[in-house]
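Below are the chains, spelled out letter by letter.
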Amino acid sequence: MSTLPESQQHEPCSDAYAAEDARAAISALAVSDEQADDAVDDAELFAPLTEAEVQNCVFSTWYPQFAKVTFKSEVIRPLDRQFTDYLVADGVFVPGERKMEYHDELESFGSSSDGEWSDNEEEGEAVQLDLEPTSAEITRRIAKLGGSVFPRMAWSAPTDAAWASTTGTLKCTEAADIYWLLKSSDKIIHDLAADRYPLPAPVRTEPELVLRQWANLHPSMVFRGFVRDHKLIGVSQVDVQHHAFLHESSSEIYQQLTDFFNAHVAKFPSASFCFDAYIARSVNRVLVMDFEPWSHVVDSCLFEWSELVNAQEPLGLRLFPEGVNPIGHFTAKYSTNRFPVEMTADAYHGSIAALIEKMQTESKSQN
């Protein structure tokens, strides 16, 4: 039973998915430079974010309320100061289970013949770090979660660093795995600086390390919901490739997500926000994965932000259509993060039109 009054519940659109609408929306992204210059900046569509809206999306803020409908997690907070110093230090390096040193300038990094950091004062001031307490706590929490986890911080997971992992995923079984991912991620640096979202000043919140129980998820079953003024305006497939079975089950999928929103997600304290949900088909269950503010810096997936902001009626479920040839650029969302961010993820999110133009150029050169 839904917890919302019947008048406030959202019914699935009779046309939950229209292939032509999605194809047209994606094609419209390939506009000319002149048209792009005239396009409205997405940022102008939004009212300024409030600190409360951003704080609502901190993991430890929303997790207690949604713990029964999300993946089991452990929050480590407060964090040892030496651990946060390590995360923001220059360079990517993984400490052993002992005290170690780093230098305050990237250029001064160097190792002596016995593998220790040099103590030459001319190369920079050496800083002692002892991460054994943090490593021990991480090890204890990993065991509580079954031996495999994926890490994140208050707002972000290091998805941009999955390319650096030996498995190409965020799966971690020991502290060193977590250190490597966090140190390789630009997203984590922004998370620690609390500047992930546009606010006049960084959000005043305590850093936190979150370990989530690992599950081998199918990217095709991840969906992003867009909520405006407490109403579910649209739902988009997150994985940017065509899956025929999604189209065959589109009405059922949209009904599941709508029911899940009415029963659980609608309780989220912000009036407008985005959420990611996963449909576990094997157990016929929907789980919430994350929340983000209603902001232009959030990926609108297969929608244009102007559609979502101006829609008078729910836009339903949008799936990646058949017949749109990605030519290797519209790869799965998680796969894009297996490569340096400037090659794929940021370029895709920042300028889909530029990628489409590149695709067209490459296609002509092959003919």
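Counting of residues starts from 1 at the beginning of each chain's written sequence and follows it residue by residue. The predicted origin of the model limits local features to residues at a pLDDT of at least 70 and limits the giving and counting of side-chain atom pairs to 80 or more, whereas totals for whole chains, interfaces and linings rest on all residues. Hydrogens and water are ignored here; the side-chain numbers use all heavy atoms of the structure.

Participant: Can you walk me through unusual backbone geometry in this structure?
Facilitator: A negative phi angle characterises most non-glycine residues, just as the trans form characterises most peptide bonds. Cis geometry marks the peptide bond from Arg77 to Pro78; its omega dihedral reads 5 degrees. In this text, helices come from DSSP runs of H or I with a minimum length of four residues, and strands from runs of E with a minimum of two, each type numbered from the N-terminal end. Considering the arrangement of structural elements, one finds Pro78 in the loop between β1 (73–76) and α5 (81–88). The backbone phi angle of Asp229 is positive, close to 50 degrees, even though this residue is not glycine. Relative to the elements of secondary structure, Asp229 occurs in the loop between β6 (222–228) and β7 (231–237). Despite not being glycine, His230 shows a phi value in the positive range, around 70 degrees.

Participant: Is there a simple way to think about the nonpolar core in this case?
Facilitator: For soluble globular proteins, the rule of thumb is that nonpolar side chains tend to be buried together. Formed by 57 residues in total, the largest nonpolar core has its most connected members in Trp155, Phe223, Phe275, Phe291 and Trp305. Sorting the residues of this core by element identifies α4 (59–66), β6, β7, α10 (250–263), β8 (273–280), β9 (285–293) and α11 (305–310) as the ones contributing at least two each. In terms of residue count, β8 provides more of this core than any other element does, seven residues in total. The contact criterion used throughout is that any non-hydrogen atoms of two residues lie within 4.5 Å. Excluding residues that lie within four positions of it along the chain, Trp305 makes contacts with Asp42, Leu45, Phe46, Phe226, Cys274, Trp294, Ser295, His296, Val298 and Ser300. Buried Ala, Val, Leu, Ile, Met, Phe, Trp, Tyr and Cys residues form a nonpolar core when they are joined through side-chain atoms within 4.5 Å. Exposed residues in this analysis have more than 50% of their type's maximum accessible area, buried residues have under 20%, and partly exposed residues fall in between, with area computed by a 1.4 Å probe over protein chains only. Counting residues in hydrophobic clusters, the runner-up holds 26 residues, among them Leu79, Ala175, Leu181 and Leu211.

Participant: Is there a simple way to explain the sheet that holds β7 in this structure?
Facilitator: Backbone-to-backbone hydrogen bonds join strands into a sheet, with any given pair of strands oriented parallel or antiparallel. The strand order across the open sheet formed by five strands is β9-β8-β6-β7-β10, and the pairing between neighbours is mixed. Looking at which strands have only one partner, the edges of the open sheet turn out to be β9 and β10 (316–318). Averaged over all neighbouring strand pairs, the angle between strand axes comes to 25 degrees, with direction disregarded. At least two DSSP bridges between two strands are needed for those strands to be called paired. Relative to β9, β8 runs antiparallel, the two sharing eight bridges. Only the stretch in contact is used when a helix axis is fitted, and all axes are lines through C-alpha atoms; the angle between N-to-C directions ranges over 0 to 180 degrees.

Participant: Would you take a moment to explain the packing of aromatic side chains for this structure?
Facilitator: Here the aromatic set is Phe, Tyr and Trp, taking the six-membered ring for Trp, and pairing holds for ring centres within 6.5 Å; pairs whose planes are under 30 degrees apart are stacked, those over 60 apart are edge-to-face, and all others are tilted. What the rule picks out here adds up to 19 aromatic pairs. Note on Phe150 and Trp214: the rings are 6.3 Å apart at their centroids and 80 degrees apart in plane angle, and the pair reads as edge-to-face. Of the two residues, Phe150 is situated in strand β4 (residues 149–152) and Trp214 in the loop between β5 (209–213) and β6; the sequence distance between them amounts to 64 residues. Exposure remark for Phe150: the relative accessible area of 17% places this residue in the buried category. A relative accessible area of 25% places Trp214 in the partly exposed class. Geometrically, the ring pair formed by Phe261 and Phe275 is stacked, given 6.3 Å between the ring centres and 20 degrees between the ring planes. Of the two residues, Phe261 sits in helix α10 while Phe275 sits in strand β8, which places them 14 residues apart along the sequence.

Participant: What exactly am I supposed to notice about the side chain of Glu208 here?
Facilitator: Within the secondary structure, Glu208 sits in the loop between α8 (186–193) and β5. When its relative accessible area of 0% is taken as the criterion, Glu208 is described as buried. Within polar-contact distance, the side chain of Glu208 engages the side chain of Ser60 at 2.6 Å. What qualifies as a polar contact is a pair of N or O atoms within 3.5 Å, subject to a donor-acceptor requirement within protein and to the restriction that residues adjacent in sequence count only when both atoms come from side chains. Separated by 2.7 Å, the side chains of Glu208 and Arg77 make a polar contact. Apart from residues no more than four positions distant in its own chain, Glu208 is found in contact with Val58, Phe59, Ser60, Val75, Ile76, Arg77, Leu79, Arg152, Met153 and Ala154.

Participant: Explain the environment of Tyr179 to me, please; I cannot follow it from the model alone.
Facilitator: In this structure, Tyr179 sits in helix α7 (residues 175–183). For the pair Tyr179 and Val94, spaced 85 residues apart in sequence, the C-alpha to C-alpha distance is 6.2 Å.

Participant: Would you mind showing me how to read α10 here?
Facilitator: Three or four residues apart is the spacing at which side chains of an α-helix point the same way, because the helix has 3.6 residues per turn. Over its 14 residues, α10 extends 20 Å from the first C-alpha to the last, a length consistent with the 20 Å expected when each residue adds 1.5 Å. Residues of α10 that are buried: Ser250, Ile253, Tyr254, Gln256, Leu257, Thr258, Phe260, Phe261, Asn262 and Ala263. Where α10 is buried, its residues touch β6, β7, α9 (244–248), β8, β9 and β10. The span expected for a helix works out to 1.5 Å for each residue beyond the first.

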